[in-house]
Amino acid sequence: MAIPITIIKNDNLLFEAINIQEAAMLLAEALNITIPRCNDLIERGYVYNIPYYVKDDEYRFIASKEVADKRRKELEDNNHHNARRIWLVPANPNEYDLESAFSRYETLDWKRSCNYEKGDILFMYVSDNIQKVRYKVEVIEGLVRTNNVTYDSVFWMDDEKFKQSKEWKYMRFRFVDEVDTDELSLKKLREHGLKGNIQGAMKLTGELRNYIMSFFEHDLTEGYYPDEVSQTLEEGKRKTVTVNVYERNPIARKRCIDYYGVQCQVCDVDFENKYGEVGKGFIHVHHIKPLHEIQQGYIVDPIQDLIPVCPNCHAMLHRQENGRYLSIEQLKERILTVAK
Ligand SMILES: [Zn+2]
Ligand SMILES: [Zn+2]
């Protein structure tokens, strides 16, 4: 079956390939690497939204959600080598204060005790007196170069261990979600397929994997910073791009601000008036054109399609109320009608 693949390089359209074979060929030529390797990159890329980096360039691979979901199921059901790998990793709270570390950083450097790679998911089992799976993280760098590792001594409870930790190899992960439920206690894990104890990192499969995954439904880092929110739009089933590409396009953004100014067009806040020098020129830009109106070859009109809004109003525009987004006018109304 032909699966159209869009390749995006640094937010710009690079290729639209009619199928994965063509995409792999084009990419192999562009990057001078082998076609089978490109096949794997593209598959993992469109199924799990894992970008590929070459020096400072970011490549993203996009297929329709339906296609990606279907392929994902196939990969995971067959334990395919491109299936995202899921790990259960113990963390000893007497050695390292993971909870505090997470409340300070979005990403942490962690001992590379297995051959982790970018895109892997780790469920952190907090041992000792807690004995529960508590956190979900995603590997963002399989191997961190030694001179880039952050050795944060403050979270180490055990000095001896901290000294040892300087000899380790590291990977980097980002925090995704946390839960605190007795359903994920050691006892329950054993009832759902865990054999023995959790001594070191172990790959999760089958019932235990599905059981643990079912408790983690959110990405707590998503949806709070609209500038980073990626909404997908589909043009037929041919292509998917992220709409906030338009909000971040520097030229369109500048044209929009030149026209409207830097005042929030919903609540009127002006950051320079409010905060002085530090607020000068600061504003978000929101893309207002409805996704279903966007057609192939669409070029953003910075005045019709974009509007300057403050981060608060912007966040509200990206939230839904009863499944619908509020328009600029509706949000203005809302500010006037909600009791002060
Ligand atoms: Zn505002
Ligand atoms: Zn927006």
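So, here's what we can say about the structure.

Rules used throughout
- Residues numbered from 1 in each chain as written.
- Chains lettered and ligands numbered in written order.
- Predicted model: local features only at pLDDT ≥ 70, side-chain atom pairs only at ≥ 80, totals over all residues.
- Buried ≥ 20, exposed ≤ 12 C-beta atoms within 10 Å, placed from the backbone.
- Helix = DSSP H or I, 4+ residues; strand = E, 2+ residues; numbered from the N terminus.
- Pairing = 2+ DSSP bridges.
- Axes fitted to C-alpha atoms, helices over the stretch in contact; angles between N-to-C directions.
- Contact = placed C-beta atoms within 7 Å.

**A look at the pairing of strand 7 (residues 121-126)**
Taking burial as the measure, the six residues of strand 7 include five buried ones, the bulk of the element. Judged from the six bridges that link them, strand 5 (residues 86-91) and strand 7 form a sheet pairing that is parallel. Considered in strand 7, the bridge of Ile 86 is made with Ile 121. As paired strands, strand 7 and strand 8 (residues 132-144) are joined by six bridges and run antiparallel to one another.

**A closer look at the sheet that holds strand 6 (residues 107-111)**
Across the sheet, which stays open at both edges, the six strands sit in the order 6-9-8-7-5-10 with mixed pairing between neighbours. The outermost strands of the open sheet, each flanked by one partner alone, are strand 6 and strand 10 (202-203). For strand 8 and strand 9 (residues 170-178), the ladder comprises seven bridges, and the chain directions are antiparallel. Residue Glu 141 lies in a different strand from strand 9, and its bridge partner there is Arg 172.

**Overview of the sheet that holds strand 1 (residues 5-9)**
Within a sheet, adjacent strands bond to each other through the backbone by hydrogen bonds, running parallel or antiparallel. If you walk across this open sheet you meet the four strands as 2-1-4-3, and the pairing is antiparallel. Edge positions in the sheet fall to strand 2 (12-17) and strand 3 (52-54), since each has one partner strand and no second. Ignoring strand direction, the axes of neighbouring strands in this sheet form an average angle of 20 degrees. Here strand 1 pairs with strand 4 (residues 57-62) via four bridges, running antiparallel. Among the inter-strand pairings, Lys 9 is bridged to a residue of strand 4, identified as Tyr 59. Relative to strand 2, helix 1 (residues 20-31) is tilted by about 130 degrees, and along the sheet it contacts strand 1, strand 2 and strand 3.

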